[in-house]
Amino acid sequence: MQRWIVLTVLTSALTGLAVPAVADAPAPTGDPAPAATVAAIGEVRIDPRIPGRVRVDVDYLCSVADETRSLTVSVEQRDPEDSSSIAFGSSRTAEADVICDGTRQHRQVVVQSKTVNWIPGADAVVIATVSDIGATPSAFADSRRVKLAAG
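Residues numbered from 1 in each chain as written. Predicted model: local features only at pLDDT ≥ 70, side-chain atom pairs only at ≥ 80, totals over all residues. Heavy atoms only, no water.

1. Considering the state of the cysteines
Worth spelling out the cut-off: Only a pair of cysteine sulfur atoms within 2.5 Å counts as a disulfide in this structure description. By definition, any uninterrupted DSSP run of H or I lasting at least four residues is a helix, any uninterrupted run of E lasting at least two residues is a strand, and each is numbered from the N terminus. Only protein chains enter the accessibility calculation, which uses a 1.4 Å probe. A residue is then buried if its area is under 20% of the maximum for its type, exposed if over 50%, and partly exposed in between.
In the structure shown here, the tally under the stated rule is one disulfide. Two residues, C62 and C100, share a disulfide whose sulfurs are 1.9 Å apart. An S-S torsion of about -85° defines the bridge between C62 and C100 as left-handed. Of this pair, C62 sits in the loop between strand 2 (53-61) and strand 3 (69-79) while C100 sits in the loop between strand 4 (82-93) and strand 5 (105-112), and the two are 38 residues apart along the sequence. With a relative accessible area of 1%, C62 lands in the buried category. Of the residues examined, C100 reaches a relative accessible area of 9% and is grouped as buried.

2. As for the pairing of strand 4
Condition: Pairs of strands are assigned from DSSP output, requiring at least two bridges between the strands.
Across nine bridges, strand 3 lies against strand 4 in antiparallel orientation. Across the sheet, the residue bridging to T72 is R92, located in strand 4. Joining the antiparallel neighbours strand 3 and strand 4 is a turn of two residues.

3. Observations concerning the pattern of salt bridges
Our working definition: In the sections that follow, a salt bridge refers to a side-chain nitrogen of Lys or Arg positioned within 4 Å of a carboxyl oxygen of Asp or Glu.
Scanning the model with the defined rule gives four salt bridges in all. R45 is paired through a salt bridge with D57; the nearest N and O atoms lie 3.5 Å apart. Remark: D57 occurs in strand 2 and R45 occurs in strand 1 (residues 38-46); sequence separation between them is twelve residues. The pair formed by R45 and D57 is uniform in burial state, with each residue classed as buried.

4. Points about the sheet that holds strand 4
The test is simple: Axis angles are defined between N-to-C directions and span 0 to 180 degrees, where every axis is a line fitted to C-alpha atoms and, for a helix, only to the segment in contact.
The four strands lie next to each other as 4-3-6-7, forming an open sheet whose pairing is antiparallel. Each having just a single partner strand, strand 4 and strand 7 (139-147) make up the two edges of the open sheet. Across the sheet, the mean angle separating the axes of adjacent strands is 15° when strand polarity is ignored.

5. Re the side chain of D47
Applicable threshold: Any pair of nitrogen or oxygen atoms within 3.5 Å is treated as a polar contact; in protein, a donor-acceptor pairing is required on top of that, and neighbouring residues in sequence qualify only through side-chain atoms on both sides. Contacts are residue-level and defined by heavy atoms, with any inter-residue pair within 4.5 Å sufficient.
Positionally, D47 belongs in the loop between strand 1 and strand 2. Note on D47: relative accessible area 3%, which makes it buried. Here the side chain of D47 touches R49 through a polar contact of 2.9 Å, landing on its backbone nitrogen. Here R55 takes part through its side chain, which lies 2.9 Å from a polar atom of the side chain of D47. The residues contacting D47, other than those within four sequence positions of it, are R53 and R55.

6. Comments concerning the environment of K114
Mapped onto the fold, K114 is located in the loop between strand 5 and strand 6 (123-132). For K114, a relative accessible area of 57% gives the class exposed. K114 sits 28 residues away from I86 along the chain, and the two C-alpha atoms are 9.5 Å apart. Residues contacting K114, with those up to four places away along its chain left out, are F88, G89 and S90.

Shown next as structure tokens:
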């Protein structure tokens, strides 16, 4: 009998502590949680008409922000027959052209070699970086080693 009384008192005390219904809760204020900043390198190929250019497909996502943002793609390739010959280049997309609206974007970036033409079939290191100051995280990079394909 004593256990039943303790259980009844405990149950009565807990129902007084019930959480208010969701309808009674105040509506959240401010922006929804920002999307994570991400970047992914897609296809990488040498421009068939201009062998000093590489076209890199990049998919990225960044949140809506009034802060500075950028998309930078870098490519570096060593000549397998001449270790002193290195092709490299970098391309930064203008801030106004980097769309950060919380949806996945696709962009093809052209990287011009500053030294020698790209070599088809040779390994290259490709790095794509998206920065979005004010987002979480504020920057994200993807890097890959790829064999450059012609056209």
